[in-house]
Structure formats: structure tokens, C-alpha cells
Amino acid sequence: MSELRLADIVTALGGELHGEGSLRIAGLAPLETANSSQISFVSNPRYQPQIAGSNAGCIIVVPALREAAIRRGSCIVTDQPYLYFARLTQLWRATLRAARPMTSRALSIHPSAVVDPEASVDPTALVGALCVIERGARIGAGTVLRPRVTVGEDCVVGARCLVHSGVVIGADGFGFAPDGDKWEKIEQLGAVRIGDDVEIGANTCIDRGALQDTVIEDGVKLDNLIQVGHNVRIGRNTAIAGCAGIAGSATIGAQCTIGGGAVVLGHLQIADHVHISAATVVSKSIKKPGQYTGFFPLDDNAAWERNAATVKQLHRLRERIKKLESE
Amino acid sequence: MSELRLADIVTALGGELHGEGSLRIAGLAPLETANSSQISFVSNPRYQPQIAGSNAGCIIVVPALREAAIRRGSCIVTDQPYLYFARLTQLWRATLRAARPMTSRALSIHPSAVVDPEASVDPTALVGALCVIERGARIGAGTVLRPRVTVGEDCVVGARCLVHSGVVIGADGFGFAPDGDKWEKIEQLGAVRIGDDVEIGANTCIDRGALQDTVIEDGVKLDNLIQVGHNVRIGRNTAIAGCAGIAGSATIGAQCTIGGGAVVLGHLQIADHVHISAATVVSKSIKKPGQYTGFFPLDDNAAWERNAATVKQLHRLRERIKKLESE
Amino acid sequence: MSELRLADIVTALGGELHGEGSLRIAGLAPLETANSSQISFVSNPRYQPQIAGSNAGCIIVVPALREAAIRRGSCIVTDQPYLYFARLTQLWRATLRAARPMTSRALSIHPSAVVDPEASVDPTALVGALCVIERGARIGAGTVLRPRVTVGEDCVVGARCLVHSGVVIGADGFGFAPDGDKWEKIEQLGAVRIGDDVEIGANTCIDRGALQDTVIEDGVKLDNLIQVGHNVRIGRNTAIAGCAGIAGSATIGAQCTIGGGAVVLGHLQIADHVHISAATVVSKSIKKPGQYTGFFPLDDNAAWERNAATVKQLHRLRERIKKLESE
């Protein structure tokens, strides 16, 4: 088991340490369950009551909680404990890696990966086992493709991206013209362009554009099993949770969040700083920042059945109310 | 084509046979379409009227249908015909396999699979073509990984599990701390622990935990294209249908069922014996067993448009009713 | 960069050319952004006003727009400009391929694919890198499997199909019989039969049938991340958008469209020429052609909260209206 001393932590990440720098920390844990060799954090001053009762070896806190935390024991004071905690997980990962080095990490491209000779992979990138990189594709510096990722022809992945297992970048967009009863394929002549510092979750799909490229801007974070249709553009630092679907030609602004299972219909535009709740269907463009929601509230099944039946008469109910009012 | 005599079936699976044990059965089929060389079943006494008209070679029935079934022809009487039928499919599969052995079955690990030398695969497990098993991962006795499965670092799959093609176990959970406009990655330091007798459908994803492990208990059945977020715990024998999404840190009880396309939001708790209908959004914890539902009822598009518009005025409608009542 | 002369285009695809056949076209683009070396199209006469202002090198138009288009510059007149455009994308793709031939295209089966000796792959089919084709599976003439596709035991893919990366054909359907607290597996003894001219999007799953086969008829188009359960039948030329889920034993007619994220519950029947909107839940059979919809309309979060709370009292509201009316 790897350990870090509190002094090592503040040397690496900063912050104001109260307590013994020599204390050895063996792990990170939530406030309620942390033991004396674990470190935890509190971001929100309203959790102050829980501090006194925590057994954590050290707690990372905001300045407003300094006194309460010192009364309890070791603490690190910093303006943004959650951000500090995120960086601590990275320090921890690096420590674990150092203690248990990957023998195969010497190789940039796993020998089982199928990389077209006309693809370009930066020497500092890592391409996992059984990935497929087609010709003309480019993988940027420091980017990591986990095992079993497909990057299609001419698609570009920027620098410092992390692409999880099963991702498909650059399958054909879903485009067909009707020809009588049949469908005639519209060849998808664009590609996919992914910026820097993008993370893409397992089994997520990003389709190539029909004429132009599908574009994922810098800093976007996509969770698992997301569908991104052709010609979509997703703005900087937008984060999208699992199972969401972004239909073709939708444009999503920067700094947005989209909840799990949400659906954005095609050709819509969503402004910057829009937050879509989980399982919500965006059926028209959203021009104003804000939080938007739309899902049917859960109920016990019998109550739902009654209310759902009434939903289908809602328009008539309104007419009946109008009539009552006019009487 | 493989065949089984009725006598072979009752020898293997029990039950009370009425009719010729030498009758050869060439397949299983639903009651309405079964022919005289096929076997079928009836669980529910209210299907009794269909029995007389069936051409099936043999029918598996509950004791209450014994007389009706004997009048028609061959039958096997058992307390739980559907369960008997399930076991018969297994017997059938074994018979088919015996008649057509897999030459490659001798090998526990397909030569194209990429298994880290520090991973541990039980000698009785089968690892399909082009699977990736990362270091520290463990695969239990009798477990079958179908082709193209990823089991990430330190993740554990128990005994007698069946994991279908495209599954990703142990991708990173979706965790980021805001840092101004950007997102700082929270390294996912936990793993995934999967119990015994678990089945996981094609392209389903189970993320590793942030600090502790994501846990799937014994006997859980997951369908295809399901997202299970980090730190989730799914209780014993719970079954979840396709396209469902379980957000991070949700805890789902034992013996639950969750319908296709349902979404369970993060950090919620669902009690044992809760049944969630398809396409339902669970947006708060559920403490009482029961059936819960919440989706907008389908209607013809024009009616839906009128009613959906009225939904958005619902609160005001209620105020108008209140006013009318007070007058 | 590849180029086509207008004369080459009408030679290959027909249509009535007005303008210089020697004009070289370097790409396809939408009407608003096309430059003088690009070709565009207008299907709908109501876009006539945009024609005059377009900089496109040539515009494909319906006969009703012939005069307006000729006044502007080069045009090709055809009855179905969108279909013409689709075929032009195919001509374009062929031109690009000819200019940049794939060295590996000589091989029908990529050397990294794992094809069972008892599987049958038509010599004109292409099997991509790291595909798995199990024994008894058959791949038809001219069909293309992109990289990392699984075709399970005994499953059949017809002629001229296109199957994108990550697709899983023939995983087990989700079938279990209750056995006390546990689930007993129902072996899935059927297979999957896919017709001709079918396209299947990335990471989509089509499960094998329990007793009979799951059937996808000719000309069906499936987008990415779709779940098709066991025993489902999808009729000719039906198109289904991304993230949709079709539960087990559902039968969908011919010439239907199903929107993204829609869910069709199990054992239902949908007639021919039915159109289901995105994110709609089909919870009973649909016998009449038409457009059907059912999702909760999006609203700003605060308004949604008020209205959603009222939805749960809807049945009581109706009773109150009734009472007011009777007074």
C-alpha cells in the first residue's frame, strides 16, 4: 500500500497545513467513513457539524472552517477543497503508479493495436490494446486511448485527451435520402475533430459529419454511452452525463452541463451556460442561460396511471375550466 | 438437428410424464406455433383454453392443468413450468453443444485476448477472442467472457458470470472538480467488484469507483447498453433491462427490477423489492417496496402537442380551479 | 483534393445541366456557405429566396426553381434534388477512394479479425480489423463490417449491409425465469437474421432470439447505440435513430421511423407507416399509421417543478372540476 506524508502533500499541492507533516496518509475517503490514516475534505461550511465527529487523519477545509478543523486535529486549509481533493487524487494515482510501474508503458502503441501506416500518433501518446486507428487519423501529444477504441479515417484527437474503452470516433452519421420506399445513403464526407483535454467515456460514439466535421471543443467531458450525431458542435468545457443523445447538427454552447439520459433534438442551438437536467428532452433551441428540465415525475404505479390518463384529457380540462369561469 | 426423448428430459429435469417416453423432441416453441416434434409450456391456468388446440408434441403444465393436458396428448406436470422450461433450454443448449463441440473450447483464454501477466484468470473460466484483461484483474471459476470484453485494472468478476461482447468493466467514473471555467479530473481510485452468477449484457458499462469500489452483488442480471456509474451498489438478484442508466453513488436494493431506459439519479437509495417501470426517472430515494412509474403517455402527435402545451400551464390551471372553488 | 467536372456529374447521375460542363467542383456544401467551387442543392421551393444570394458553383434544383436558378448561374435540374445529392455524395466518395486507394482493400478479411473456420464470409464482403465472427455465422455479398464488430454464432447478415464499429449481433436475449429469489437463465436458442441493404450504427446491439430468430428485414437503417431485444422483428425500410430501445418480442412494421431515445415496450405490435417521435415511450400496440409522440415538454426548472408537482394531483383536479360543474 502506498503512503504519502502530509508534508509531501502540501509540498506538491500547496495549502496551509495544521498538524504533523510526518503523519502518513494511506488513502482518501469520505468524511463519515475516513479512518485515522485517511484524508478527507469539506467544501461546504454547512457540513461544519460533521467535522468534530470525523476520525479522518486529516481534513481539507475552506478558511471559514479553519478553527473548527484545528480543534479536531490535522487539517489543510485551502480556498477550494474540492479542487484540492481532485488534485490529490491525481497525486495519489501518480504515487500508486510509481510504486507499481507498468512494464508495457514503455511502448506508445500496444502491439495488438491496428494502426494504419498513414495515421499519425504523437510519440507521447499511448494507444491501448486492440485499438483501431484508421488512415489519416491523428492522435495528439499526451493523449491516452484505453483498450478497444476506434478512431476512424481522417479523425483528429487533440492533446492530453483520455478516451475510454469501446469508444467509436468517426462512424458514419445517420443520413439517408428517401427514394420511394427505400433509403439512399448519403455518404458522410466530413470527419470528427476533437480538441485538447477532452475526456470521452466508455462506449460513447461520435459520428463523422456529412459535409463538414463534427467538432468537440477543448475541455469537453463526455461520460459513457453517449451518442453524438453528425455535424454536432459541442462548446468548450461542456460536460455531458451518460446515456445522453445529441442528434445531428445540434450546436451546444460552452460551459454547459447536460444530465444523464437527456436528448437534444437535431438542428437545435443551445446557448453557453445552459444546464439541462437528466432525462430531459430539448425540443427547441435555448437562447438563455439557465437550468431547464422536463421529465414526468415518478409516482406509485396506480397513481401514475390515473394521472397519465388525465394528462391525455388536459386540453379538454382547460376548456372546461374556461367554460366554468365564463359562467 | 439434435433431438431429446421425453424420457431423457424427465430423467434430467424431473416432472411427471404422461405419454410415451420414447417420443423424440426436436425443439422448443410457443404453444400456438409448436408442431408435433416440439415441446411447449403453459404456466398460467387461464391459458387452459389454448391447450386443446395446440399441436405441440408435449406440453409442460402446472398440476391444475393436468387433466386438460392429458386429454390433449403428452405432457409433463411440474409445479413451475416456466422454471422447468428455463432448465430445458439449458439442457437443450448442452445437447446442441455436445453434438457440435467447439474445437477451441479446450483453451481457457483465446489466443487473441490480451491478458496482463499480473491478471488472474481461473483455469475453468473462458476468455473470448479479443478481450482485454488488465493487471490486477481477477476472473472467477466458470465465468465466461464473450469476445471483445474489457476488464480494467484491479476489477474483480466472480464465479459463474456471463459477460457479453463489448462490455466495459472499470472505465473511469465521471468525476471532475470545477476549476474556474475548466474541469479538473478526479482520478478514480476505486475498482469494480462483481459477485457470482452475474450476467452482463452487450456493450454495458460499469465504471470504477472514485474512492471505494462499485459493487454488483451476486445474482444480478444486467441487460445490454446499461450505464452503471461510479460507487453504485446493486443488490442481490436485481435485474435491470436495456438502456437503463444508474448514476453515480446510487444504491439499489436486492430483488429489484428496473425497466428499459429507466434513469436512476445519483446518490439515491432504492429499497429492496422495488420495481421501476420502463423509461421512468427516479429522482428521489424510494424507501417502500412497490411498483413505480413515470413517463409521459403516448398520444397522436396533434393531441400530444395540445396536452403538452397545457402541461406547461398546469400550475396556473390549479390556481384557477382554486379561485372558482372559493367563489 | 479531388475534383469533378459538372459534365462528369450529369454523365454519372443524369439531370439537366445549365451552365459550363467544364466547371470543376471541389466539394459539396450547404446553400448558405457554399463557395464558387462547391455544389449545393435546394429541394423545397420555399427556399427560392436564398438561391439568388448563394455563391455556390452550381445548385441542384427542382424543376419549379429552374428559372430562378438559371438567373443565378450554373444549375442541375432534377425531380428529386435531395436524392440526387445523396447519389452525388456516393460519387464523391468513389472519386476520393480512387484518388487514394486503400492498400489493404485487397484483403477481404483483415488479418487481425477472428473468423471461425465454420463461419462463411462472402468473398466480396469486407471484414474489418479486430472483428469476431463466430461459427455458423454468414456474411453476405458486398457487406462491409467496420472494425471491432461481433457477429455471434449462427447469425446471418445479408448482402450489401454496412455494420459500424462496436456493433454486437447475437448476444443473448435477456431471459430469465424466477426461481425463488434467484433467476434461472433461459438459454437463447435462436439467432439473428439480418436482410439485405441494412445499415447498423456504432455500438448498436441486436440480441439473438429465445426460440426463434430476431429478424431485421431488408433496407432497415439503425443508428448508433440502439438496443434490439430478442425475438424482435423490424419491417422493411424502417429507420430508427440513436439510443432507441426496442424491447423483446416487439414487432415493428415496414416503412416506420422511430426517433432518437424512443422506447418500444416488449411484445407490442406497431403497424406499417407509423412514425414515433424522439424520446417517446410506446406502451401499447399501434394499429394506425400516423405520428405519435409522448415526452414531457421542457421548461425552465422552476416552472417545471411547479407543473410536475401539479401533474401528480391531476386526477384530483379533474374530480374538482367535475364537482364545480355539477354545482
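Residues numbered from 1 in each chain as written. Chains lettered and ligands numbered in written order. Predicted model: local features only at pLDDT ≥ 70, side-chain atom pairs only at ≥ 80, totals over all residues. Heavy atoms only, no water.

Concerning the overall build of chain A
Move 1: If you tally the helices and strands in chain A, you get six helices and 36 strands.
Move 2: The C-alpha atoms of chain A give a radius of gyration of 25 Å, which is well past the 20 Å a tight globule of 327 residues would have.
Move 3: For chain A, the C-alpha atoms occupy an extent of roughly 75 × 75 × 35 Å along the three principal directions.
Move 4: For chain A, buried positions account for 58% of its 327 residues.
Move 5: Once local pairs closer than 6 in sequence are excluded, the contacts in chain A between residues at least 24 apart make up 20%.
Move 6: Of the accessible surface of chain A, which amounts to about 12,500 Å², a share of 51% is contributed by carbon and sulfur atoms.
Move 7: Separation of charge centres in chain A, based on 33 positive and 33 negative side chains, amounts to 5 Å. (Helix = DSSP H or I, 4+ residues; strand = E, 2+ residues; numbered from the N terminus. Rg over C-alpha atoms; globule rule 2.2 N^0.38 Å. Buried < 20%, exposed > 50% of the residue type's maximum accessible area, 1.4 Å probe, protein only. Contact = heavy atoms within 4.5 Å. Areas by Shrake-Rupley, 256 points an atom, 1.4 Å probe, with all protein chains shown as cover. Lys, Arg positive; Asp, Glu negative; His and termini not counted. Charge placed at Lys NZ, Arg CZ, Asp CG, Glu CD.)

Points about the sheet that holds strand β25 (residues 227-228) of chain C
For sheets, the rule is that strands pair by backbone hydrogen bonds, running either parallel or antiparallel.
Residues and elements named next belong to chain C.
Move 1: The sheet built from nine strands is open, its strands ordered β8-β11-β14-β17-β22-β25-β28-β31-β34 with parallel pairing. Every interior strand has two partners, whereas the edge strands, β8 (114-115) and β34 (281-282), have only one.
Move 2: As paired strands, strand β17 (residues 168-171) and strand β22 (residues 205-207) are joined by three bridges and run parallel to one another. Directly across from Ala171, in β22, lies its bridge partner Asp207. (Pairing = 2+ DSSP bridges.)

Things to note about the relation of the copies chain C and chain B
Move 1: Note on the identical chains: chain C maps onto chain B by a rotation of 120° and an axial translation of 0.0 Å, with an RMSD of 0.0 Å. With respect to symmetry, the two chain copies, as superposed, fit the operation of a three-fold axis. When each C-alpha of chain C is compared by its distance to the rotation axis, Phe296 of chain C comes out closest, at 3.4 Å. (Least-squares fit on C-alpha atoms with pLDDT ≥ 70 in both.)

What to know about the pairing of strand β19 (residues 182-185) of chain C
Residue and element names in this part refer to chain C.
Move 1: When strand β18 (residues 176-179) meets β19, the two strands line up antiparallel, connected through four bridges. Across the sheet, the residue bridging to Pro178 is Trp183, located in β19.
Move 2: Counted between consecutive antiparallel strands, the loop separating β18 from β19 contains two residues, among which Gly180 sits at a positive phi close to 65°.

Let's talk about the sheet that holds strand β26 (residues 233-234) of chain C
Residues and elements named next belong to chain C.
Move 1: Pairing is parallel across the open sheet formed by eight strands, whose spatial order is β9-β12-β15-β20-β23-β26-β29-β32. Edge positions in the sheet fall to β9 (120-121) and β32 (269-270), since each of these pairs with one other strand and no more.
Move 2: Of the strand pairs in this sheet, strand β12 (residues 138-139) and strand β15 (residues 156-157) are connected by two bridges, and their pairing is parallel. Across the sheet, the residue bridging to Arg138 is Val156, located in β15.

Things to note about the interface of chain C and chain B
Move 1: Every contact between the two is made by 73 residues of chain C and, on the other side, 68 residues of chain B.
Move 2: Taking both partners together, chain C and chain B bury about 5,900 Å²; carbon and sulfur atoms supply 61% of that area.
Move 3: Considering only the surface of chain C that becomes buried against chain B, Arg135, Phe174 and Trp183 of chain C emerge as the three largest contributors, covering 11% of it.
Move 4: Between chain C and chain B we count nine salt bridges in total. (Buried area = accessible area lost by both parts, 1.4 Å probe. Salt bridge = Lys/Arg side-chain N within 4 Å of Asp/Glu carboxyl O.)

Regarding the nonpolar core
Move 1: Counting residues in hydrophobic clusters, the biggest one holds 49 residues, and the most contacted among them are Val151, Ile169 and Ile194 of chain B.
Move 2: Setting aside anything within four residues of it in sequence, one finds Ile169 of chain B in contact with Thr150, Val151, Gly152, Cys155, Val157, Val163, Val192, Ile194, Ile200 and Ile206 of chain B.
Move 3: Within the second largest apolar cluster, 48 residues are counted, among which are Ala113, Val127, Cys131 and Leu145 of chain C. (Core = buried A, V, L, I, M, F, W, Y, C linked by side-chain atoms within 4.5 Å.)

Structural notes on helix α4 (residues 81-99) of chain A
Turn by turn, an α-helix covers 3.6 residues, leaving residues three or four places apart pointing in a common direction.
Move 1: Here α4 of chain A spans 26 Å end to end across 19 residues, near enough to the 27 Å set by a 1.5 Å rise per residue.
Move 2: Among all positions of α4 of chain A, only Pro81, Leu83, Tyr84, Phe85, Ala86, Leu88, Thr89, Trp92, Arg93 and Thr95 of chain A are buried. (Expected span 1.5 Å × (residues − 1).)

Things to note about the pattern of salt bridges
Move 1: This model, assessed by the stated rule, comprises 57 salt bridges over all chains.
Move 2: Arg87 of chain C is the salt-bridge partner of Asp179 of chain A, the closest N and O atoms lying 2.9 Å from each other. Placement of the pair is Asp179 of chain A in strand β18 (residues 176-179) and Arg87 of chain C in helix α4 (residues 81-99), with the two residues belonging to separate chains.
Move 3: By relative accessible area, Arg87 of chain C is classed as partly exposed at 32%.
Move 4: For Glu199 of chain B, the salt bridge goes to Lys185 of chain C, with nearest N and O atoms at 3.0 Å. Taken together, the positions of Glu199 of chain B in strand β21 (residues 199-200) and Lys185 of chain C in strand β19 put the pair across two chains. Neither residue differs from the other here; Glu199 of chain B and Lys185 of chain C are each classed as buried.

Details of the domain arrangement of chain A
Move 1: Each domain of chain A was delimited in the assignment, giving domain 1 (4-99), domain 2 (106-292) and domain 3 (299-327).
Move 2: Centre-to-centre, using C-alpha coordinates, domain 1 of chain A lies 54 Å away from domain 3 of chain A. (Domains from an automatic or database assignment.)

Topic: unusual backbone geometry
Move 1: Notably, Leu130 of chain A is not glycine yet its phi reads approximately 60°, a positive angle.
Move 2: The topology assignment puts Leu130 of chain A in the loop between β10 (126-127) and β11 (132-133).
Move 3: Exposure remark for Leu130 of chain A: the relative accessible area of 3% places this residue in the buried category.
Move 4: Here the phi dihedral of Asp197 of chain B falls at roughly 60°; this positive angle occurs in a residue that is not glycine.
Move 5: Tracing the sequence through the fold places Asp197 of chain B in the loop between β20 (192-194) and β21.
Move 6: By relative accessible area, Asp197 of chain B is classed as partly exposed at 29%.

Examining the packing of helix α5 (residues 301-311) of chain A against helix α6 (residues 314-326) of chain C
Move 1: Interhelical geometry of α5 of chain A versus α6 of chain C gives an angle of 60° and a closest axis separation of 7 Å. Classified by the interaxial angle, the pair formed by α5 of chain A and α6 of chain C is oblique. Here Arg306, Asn307, Thr310 and Val311 of chain A of α5 of chain A lie close against α6 of chain C, whose contacting residues are Leu314, His315 and Arg318 of chain C.
Move 2: Each residue belonging to the contact of α5 of chain A with α6 of chain C can be placed in one class, and the counts come to two nonpolar, three polar and two charged. (Axes fitted to C-alpha atoms, helices over the stretch in contact; angles between N-to-C directions. Parallel < 35°, antiparallel > 145°, perpendicular 65-115°, else oblique. Nonpolar A, V, L, I, M, F, W, Y, C, P; charged D, E, K, R; others polar.)

What to know about the interface of chain B and chain A
Move 1: At the junction of the two partners, chain B supplies 73 residues and chain A supplies 68 residues.
Move 2: Its largest share of buried area at the contact with chain A, chain B owes to Arg135, Phe174 and Trp183 of chain B, together 11% of the area lost on that side.
Move 3: Across the chain B-chain A interface, the total number found is nine salt bridges.
Move 4: Where Arg320 of chain B meets Glu325 of chain A, a salt bridge forms, and the shortest distance between an N and an O atom there is 2.8 Å.
Move 5: On the surface where chain B and chain A come into contact, there are 33 residue pairs in polar contact (both at pLDDT 80 or more). (Polar contact = N/O pair within 3.5 Å; in protein donor to acceptor, adjacent residues only side chain to side chain.)

Considering the side chain of Gln188 of chain A
Move 1: Structurally, Gln188 of chain A is set in the loop between β19 (182-185) and β20 (192-194).
Move 2: A distance of 2.7 Å separates the side chain of Gln188 of chain A from the backbone oxygen of Ile186 of chain A, its partner in a polar contact.
Move 3: A polar side-chain atom of Gln188 of chain A sits 2.6 Å from a polar atom in the side chain of His230 of chain A.
Move 4: With residues near it in sequence (within four places) discarded, Gln188 of chain A still touches Asp172, Gly173, Gly175, Arg208, Gly209, Ala210 and His230 of chain A together with Arg93 of chain C.

Observations concerning the environment of Val42 of chain A
Residue and element names in this part refer to chain A.
Move 1: Secondary-structure assignment places Val42 in strand β5 (residues 38-42).
Move 2: Residue Val42 is classed as buried on the basis of its relative accessible area of 2%.
Move 3: C-alpha separation for the pair Val42 and His230, spaced 188 residues apart in sequence, amounts to 42 Å.
Move 4: Those residues in contact with Val42 that sit more than four places away from it in its chain are Leu31, Tyr47, Ile51, Ile59, Ile60, Val61, Val62, Leu65 and Pro81.

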